[in-house]
Amino acid sequence: MKILSAEFIISAPGPKQFPVDKHSQIAFAGRSNVGKSSIINALLHRKNLVKTSQTPGKTQLVNFFLINEDFYFVDLPGYGYAHAPHAVTDAWAPMIEGYLKDSKALRAVVVLLDSRREPDERDLRLIEWLRQYDIPAIFALTKADKLNRQEAVRAQRDIQIRMGLEDLPLLSSSKSGAGMSSLWGTIIRHLGKD
Ligand SMILES: Nc1nc2c(ncn2[C@@H]2O[C@H](COP(=O)(O)OP(=O)(O)O)[C@@H](O)[C@H]2O)c(=O)[nH]1
Ligand SMILES: [Mg+2]
């Protein structure tokens, strides 16, 4: 996909601020620090469109980026940040579920899982919602550059079994660029642009 433009639109504190136009949306979800901001920047060939390594603030925001004036990338709030205030932790579930339940323009959610970590309870909850609301999921393991080939293949298989996935999750690295073209291919297919 040729990126002609990538424009930050809004950090929405709640559904009232979500864009209501007809542009298709692809959302990105995963625990804090999984590499969500980095992978969005890597896909868009931008260094800093989405800020990386930020300490989560007091609110959980849903960030919308309009790509090629055609479709949105939606950066969902991260979860599992150990030092987040309880109010923030508790806000995660209704915020994400609210978004998933009501987003008619949502075409798929890219679920990011750290290739070196066990999925946690919230990763599983996210997957349950996606199944419940019949939303297509694209599974990608992040930071694959930190594993050798054998470890990477094992991580793919372990996480596939642990999460009950139909297919092997994609291996990706924002750092090396691994997996970026297959991830784009999958996203484009869900956008109906192939
Ligand atoms: N080695 C490596 N580090 C990464 C990769 N992606 C992200 N990181 C690092 O992981 C940390 C969290 O990344 P970030 O994108 O901010 O994660 P987010 O909290 O999920 O948005 C940062 O220090 C990144 O530099 C990757 O593919 N490889
Ligand atoms: Mg981030």
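Keep in mind it's a predicted model, so treat the numbers as computed, not measured. (Residues numbered from 1 in each chain as written. Chains lettered and ligands numbered in written order. Predicted model: local features only at pLDDT ≥ 70, side-chain atom pairs only at ≥ 80, totals over all residues. Heavy atoms only, no water.)

Chemist: Could you give an account of the overall build of the protein chain, naming the residues involved and the relevant values?
Modeler: Helix and strand content of the protein chain: 5 helices and 7 strands. For the protein chain, the sequential pattern of α-helices and β-strands runs β-β-α-β-β-α-β-α-β-α-β-α. What you see for the protein chain is a C-alpha radius of gyration of 16 Å, in line with the 16 Å of a compact globule of 194 residues. Summarising its shape, the C-alpha atoms of the protein chain cover approximately 45 × 40 × 30 Å along the three principal directions. Across the protein chain, contacts joining residues at least 24 apart in sequence account for 75% of those joining residues at least 6 apart. Total accessible area on the protein chain is roughly 10,200 Å²; 48% of this is exposed by carbon and sulfur atoms. Positive and negative side-chain charges in the protein chain, numbering 26 and 21 respectively, have mean positions lying 5 Å apart. (Helix = DSSP H or I, 4+ residues; strand = E, 2+ residues; numbered from the N terminus. Rg over C-alpha atoms; globule rule 2.2 N^0.38 Å. Contact = heavy atoms within 4.5 Å. Areas by Shrake-Rupley, 256 points an atom, 1.4 Å probe, with all protein chains shown as cover. Lys, Arg positive; Asp, Glu negative; His and termini not counted. Charge placed at Lys NZ, Arg CZ, Asp CG, Glu CD.)

Chemist: Which residues make up the nonpolar core, and what values do they have?
Modeler: Residues Phe64, Val74, Leu76, Tyr99, Leu100, Val109 and Leu126 are the most contacted members of the largest nonpolar core, which totals 36 residues. Mapped by element, the contributors of at least two residues to this core are β2 (24-29), β3 (62-67), β4 (71-75), α2 (86-102), β5 (106-114), α3 (121-132), β6 (137-142) and α4 (149-163). With 6 residues, the top contributor of residues to this core is α2. Aside from chain neighbours lying at most four places away, what touches Leu100 is Leu106, Val109, Leu126, Trp129, Leu130, Tyr133 and Ile135. (Core = buried A, V, L, I, M, F, W, Y, C linked by side-chain atoms within 4.5 Å. Buried < 20%, exposed > 50% of the residue type's maximum accessible area, 1.4 Å probe, protein only.)

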